[in-house]
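Take a look at the letters that make up each chain.
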Amino acid sequence: AKRLGATHIVNSAKTDAREAVMAILREAGLPGADICIDNTGLSACIAMAYDLTHARGRVVCVGVPAKGDATTLYTLPLHFGKSITGSHGGNTVPQEDIPRYLRLVQARNMRLEELISEVYPLEEINTAIARMRSGEMEGRCLIKF
C-alpha cells in the first residue's frame, strides 16, 4: 500500500485499528473519516467503519457478511447526513468501465502489475484460494491460463 501511495498503514494484527485510525484523524485535526470502505464483510469491521466516519460521513460495504451475521448501529446519525450503503460488484458498468480501465493501463496511469503479489498456474488454483483464505497471501494473485 505504501508503494502505491498510501500515506498511513495500520496493521490490525499488531495494534488496535480503531485507536490507530482515530489517532491519525486527530493528528490531522479531523473529527472522523469522510468515507470508510469495508471489504471484509465482518460485522465488527462494518460497525468500526461506521464509528470512524464523521457526522456526515459515508460507509460503503463491499464485503458481504456471512448469512446471519448482523451489525448493530446507532442510527440517529443517519437522520443528520451519515450514510451507509452497499456496493454490488463495485457498482461498475462493465461496457463503460472495462474500456476505461484498459485505456488507463495502456497509458500507464494504472499499474495493475503492482497489485499482483503471486502468480499461479490454473492447476494450482486451490493452493491460491487456500492462501488467500488463510491470510498467508499479501495482495492479489493472478491465475495464469
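Structure: see above.
Residues numbered from 1 in each chain as written. Predicted model: local features only at pLDDT ≥ 70, side-chain atom pairs only at ≥ 80, totals over all residues. Heavy atoms only, no water.

### As for the environment of Phe-80
Along the chain, Phe-80 falls in the loop between β2 (53-61) and β3 (83-86). Note: C-alpha distance between Phe-80 and Val-62 (18 residues apart in sequence) is 23 Å. Aside from chain neighbours lying at most four places away, what touches Phe-80 is Ala-55 and Arg-56. (Helix = DSSP H or I, 4+ residues; strand = E, 2+ residues; numbered from the N terminus. Contact = heavy atoms within 4.5 Å.)

### Side note on the packing of helix α1 (residues 17-27) against helix α2 (residues 43-52)
Close contact between α1 and α2 brings their axes to 11 Å; oriented N to C, the two are set at 20 degrees. On the basis of their axis angle, the class for α1 and α2 is roughly parallel. Relative to α2, the crossing made by α1 is right-handed. Residues Ala-17, Arg-18, Val-21, Met-22 and Leu-25 of α1 lie in contact with α2, whose contacting residues are Met-48, Asp-51 and Leu-52. Tallied by class, the residues present in the contact of α1 with α2 amount to 6 nonpolar, no polar and 2 charged. (Axes fitted to C-alpha atoms, helices over the stretch in contact; angles between N-to-C directions. Parallel < 35°, antiparallel > 145°, perpendicular 65-115°, else oblique. Left-handed = near helix turned anticlockwise from the far one by under 90°. Nonpolar A, V, L, I, M, F, W, Y, C, P; charged D, E, K, R; others polar.)

### What about the pattern of salt bridges?
Within this structure, the stated rule accounts for 5 salt bridges. Among the salt bridges present, the one from Arg-18 reaches Asp-51, with a minimum N-O distance of 3.0 Å. Taken together, the positions of Arg-18 in helix α1 and Asp-51 in helix α2 put the pair 33 residues apart, joining distant regions of the chain. Taking relative accessible area as the criterion, Arg-18 reaches 31% and is therefore assigned partly exposed. For Arg-108, the salt bridge is made with Glu-113, and the minimal N-O distance between the two is 3.2 Å. Linked through salt bridges whose partners overlap, the residues forming this network are Glu-118, Arg-131 and Glu-136. (Salt bridge = Lys/Arg side-chain N within 4 Å of Asp/Glu carboxyl O. Buried < 20%, exposed > 50% of the residue type's maximum accessible area, 1.4 Å probe, protein only.)

### A short note on the packing of aromatic side chains
Under the defined criterion, the tally for this structure stands at 0 aromatic pairs. The lysine or arginine in question, Lys-82, covers the ring of Tyr-50, its NZ or CZ lying 4.4 Å from the ring centre. (Phe/Tyr/Trp six-rings, centres within 6.5 Å; stacked < 30°, edge-to-face > 60°. Lys NZ or Arg CZ within 6 Å of the ring centre and 35° of its normal.)

### What to know about α1
Residues Ala-17, Ala-20, Met-22 and Leu-25 constitute the buried set of α1. Packing partners of the buried residues in α1 comprise β1 (33-38) and α2. For α1, the N-terminal cap is Asp-16; the gap from its side-chain oxygen to the backbone nitrogen of Arg-18 is 3.1 Å. Immediately downstream of α1, the backbone of Gly-29 shows phi near 75 degrees, a positive value. (Polar contact = N/O pair within 3.5 Å; in protein donor to acceptor, adjacent residues only side chain to side chain.)

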